[in-house]
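Structure at a glance
Each chain is listed here by its residues.
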Amino acid sequence: MAKTYSWSTDAEEVRRLFTLTFDDLHFLEPLRTDAQRLYRALVLVWARVERTLVSDPSSIPEEVITHVSRQLSLSTSVLSQLRNHTSARSATFEAVRKHLDVRAWQEADAEQLSAYLIEKVSHTGNPSALFDAATDWMVRVGVLRPQGETTIDRLIYQVRNQAEDTLFEQVASQLSDEDRAKLDAVLDTSQSDSRLAWLGAPPRAASVPAIKEECERLVQVRQSLPVSLNWGPSPRIVCANGQQS
C-alpha cells in the first residue's frame, strides 16, 4: 500500500515544498558525481520536509525526484549509478544535518516531547493535531524524527492514555454519591437497552416527533451530568493584540 503524506504530490505543492534554495545549490556544488549530487539533494529536501534522513532514494515519490533532478539539470536515471556505501551515506547524513542545523533524535527527546504533548492533550486529543504539534516541536528544537517509523505514534498514544487516565481520576474524585447514581442509571441494562444507547442513536429525518425526541435527549444529558466539574486548566486564548485571555 502506498504511503500517504500530509502534502499532495501535485506539481504546485511539490514545487512549494521541494525547491532548492541558493544556499542548497552552493552546498551541493562540490560533489563530483551526478549520482551523489542528486542523492544528497534528495536527502536534503526530504529531511527538511519529512524530518527524516532517507537511505534509499527510490522510497521518495517520483514527482519529488523529478522536480529535484530538473533543478540540477540532471536525469533521474543517474541514480542507477549511485554507489551508496555506508561511509558515503554517513557522510551525506552528517553534511545534511550540519547544513540544516539539525541533530539526530536522542533518547532524552522522548521525555521532553511527552511533557510538551501532555499540555497539548488538555486542548485536543485528536491524534492528527497531536502529530502536528509533535512535528512543530521537532522543528523548533532542531531535531529529526526518530528512526522507528511508529515511535512518534506510540508516544502520542501513551501521552493520550496518560492524560485521559489523569482526567478520569480527577473527574471521578469530584462525583458525589448522587452523581454516581445518576450516571449508573444511564448505563443500566437490567430492564432493556441502556439510556446511553438511546442517547447515542443517530438523529432521524427532521419532523416534529424527531425534534421532540432530540430535546428529550438533551434534557436527559443535562439531568445526568454533575452540576459542577473542574476539568483542569482552561486553554489560554491568544487575542489579535497578542494578549492572553
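The text that follows walks through the structure, step by step, so that each part is easy to find. Throughout this document, residue positions are counted from 1 along each chain, in the order its sequence is written. Confidence filtering applies because this is a predicted model: local features only for residues at pLDDT of at least 70, side-chain atom pairs given and counted only at 80 or more, and all residues used for totals across whole chains, interfaces and linings. Calculated side-chain values reflect all of the structure's heavy atoms, with hydrogen atoms and water omitted.

Looking now at the pattern of salt bridges. Any carboxyl oxygen of Asp or Glu that lies within 4 Å of a side-chain nitrogen of Lys or Arg is treated as forming a salt bridge with it. Per the stated rule, a full pass over the model turns up 10 salt bridges. Between Asp 109 and Arg 103 there is a salt bridge, with the nearest N and O atoms lying 2.8 Å from each other. Three labels apply to residues, based on accessible area from a 1.4 Å probe with only protein chains included: buried if under 20% of the type maximum, exposed if over 50%, partly exposed otherwise in between. We classify Asp 109 as buried; its relative accessible area is 1%. Relative accessible area serves as the criterion here: at 29%, Arg 103 is assigned to the partly exposed category. Arg 217 is paired through a salt bridge with Glu 214; the nearest N and O atoms lie 2.4 Å apart. Taken together, the positions of Arg 217 and Glu 214, both in helix 11 (residues 208–224) and three residues apart, correspond to about one turn of that helix. Look at the salt bridges and you will find they share partners, linking Arg 204, Glu 213, Glu 214 and Arg 217 into a network. Numbering of helices and strands starts at the N terminus; helices are DSSP runs of H or I of at least 4 residues and strands are runs of E of at least 2.

Take the packing of helix 7 (residues 127–141) against helix 8 (residues 151–172) next. Where helix 7 meets helix 8, the closest approach of the two axes is 10 Å, and the angle between their N-to-C directions is 115°. Helix-helix and strand crossings are classified by hand; for helix 7 and helix 8 the assignment is right-handed. Seen from helix 7, the contacting residues are Pro 127, Leu 130, Phe 131, Ala 134 and Met 138; seen from helix 8, they are Ile 152, Asp 153, Ile 156 and Arg 160. For the contact of helix 7 with helix 8, a count of residues per class yields seven nonpolar, no polar and two charged. What counts as an axis is a line fitted to C-alpha atoms, over the stretch in contact for a helix, and the angles between N-to-C directions run from 0 to 180 degrees. With the far helix as reference, a near helix turned anticlockwise by less than a right angle produces a left-handed crossing, and one turned clockwise produces a right-handed crossing. Whether two residues touch is decided by their heavy atoms; if any such pair falls within 4.5 Å, the residues are in contact. Asp, Glu, Lys and Arg are counted as charged, while Ala, Val, Leu, Ile, Met, Phe, Trp, Tyr, Cys and Pro are counted as nonpolar; the rest, among them Gly, fall into the polar class.

It is worth spelling out the packing of aromatic side chains at this point. Stacked, tilted and edge-to-face are the three classes applied to pairs of Phe, Tyr and Trp rings, where Trp contributes its six-membered ring and a pair requires centres within 6.5 Å; stacked means planes under 30 degrees apart, edge-to-face means over 60, and tilted covers the rest. One pass over the structure, following the stated rule, counts three aromatic pairs. Plain terms: the ring middles of Trp 7 and Phe 18 are 5.1 Å apart, the flat faces sit at 70° to each other, and that makes the pair edge-to-face. Of this pair, Trp 7 sits in the segment before helix 1 (11–18) while Phe 18 sits in helix 1, and the two are 11 residues apart along the sequence. When the ring of Trp 7 is compared with that of Trp 46, the centres are 5.9 Å apart and the planes differ by 85°; the resulting orientation is edge-to-face. Of this pair, Trp 7 sits in the segment before helix 1 while Trp 46 sits in helix 3 (residues 34–50), and the two are 39 residues apart along the sequence. Of the two residues, Trp 7 and Trp 46, both sit in the buried class. One aromatic cluster in this structure is built from Trp 7, Phe 18 and Trp 46. Positioned above the aromatic ring of Trp 198 is the side chain of Arg 195, whose terminal nitrogen or guanidinium carbon lies 4.2 Å from the ring centre. Directly above the ring of Trp 198 sits Arg 217, whose terminal nitrogen or CZ lies 5.1 Å from the centroid. Only when the NZ atom of a Lys or the CZ atom of an Arg is both within 6 Å of the ring centre and within 35 degrees of the ring normal do we say a charge sits over the ring.

Attention now goes to the nonpolar core. In this text, buried Ala, Val, Leu, Ile, Met, Phe, Trp, Tyr and Cys residues form a nonpolar core when linked through side-chain atoms within 4.5 Å. Formed by 34 residues in total, the largest nonpolar core has its most connected members in Phe 18, Leu 20, Leu 38, Val 64 and Val 68. Among the elements of the structure, helix 1, helix 2 (22–28), helix 3, helix 4 (62–71) and helix 5 (86–100) are those that each provide at least two residues to this core. The greatest single-element share of this core, amounting to 11 residues, is contributed by helix 3. Excluding residues within four positions of it along the chain, Val 68 makes contact with Phe 18, Leu 20, Leu 38, Ala 41, Leu 42 and Val 45.

Here we come to the side chain of Arg 40. Tracing the backbone through its elements, the reader meets Arg 40 in helix 3. Charged-residue counts in this description rest on Lys and Arg as positive and Asp and Glu as negative, His and the chain ends being excluded. Despite its burial, Arg 40 remains without a salt bridge, the nearest opposite charge being carried by Glu 94 at 11 Å. Discounting residues that sit within four places of it in the chain, Arg 40 has contacts with Phe 27, Leu 28, Leu 31, Ala 91, Thr 92, Ala 95 and Val 96.

Another aspect to go through is unusual backbone geometry. If you check the backbone angles, Arg 51 has positive phi at about 65° while not being a glycine. Inspection of the secondary structure assignment puts Arg 51 in the loop between helix 3 and helix 4. With relative accessibility at 7%, the residue Arg 51 sits in the buried group.

This part covers helix 8. Here helix 8 spans 31 Å end to end across 22 residues, near enough to the 32 Å set by a 1.5 Å rise per residue. Listed in full, the buried residues belonging to helix 8 are Thr 151, Ile 152, Leu 155, Ile 156, Val 159, Ala 163 and Val 171. For helix 8, the angular spread of buried residues about the axis comes to 160°, placing them on one side. For helix 8, exposure combined with an orientation more than 90 degrees from the buried face picks out Tyr 157, Phe 168 and Glu 169. To estimate how far a helix should extend, the number of its residues minus one is multiplied by 1.5 Å. Our arc is simply the arc of the directions from the helix axis toward the C-beta atoms.

Here Arg 37 shows up in helix 3. The exposure class of Arg 37 is buried, given its relative accessible area of 17%. Counting along the chain gives 189 residues from Arg 37 to Pro 226, while the straight-line C-alpha distance between them is 65 Å. Filtering out sequence-adjacent residues up to four positions away, Arg 37 remains in contact with Leu 28, Glu 29, Leu 31, Arg 32, Leu 72 and Leu 74. Whenever a nitrogen or oxygen atom comes within 3.5 Å of another N or O atom, the pair is scored as a polar contact, on the condition that within protein one atom can donate a hydrogen and the other can accept it, and that pairs from neighbouring residues in sequence are kept only if both atoms are in side chains. A distance of 2.6 Å separates a polar side-chain atom of Arg 37 from the backbone oxygen of Leu 31.

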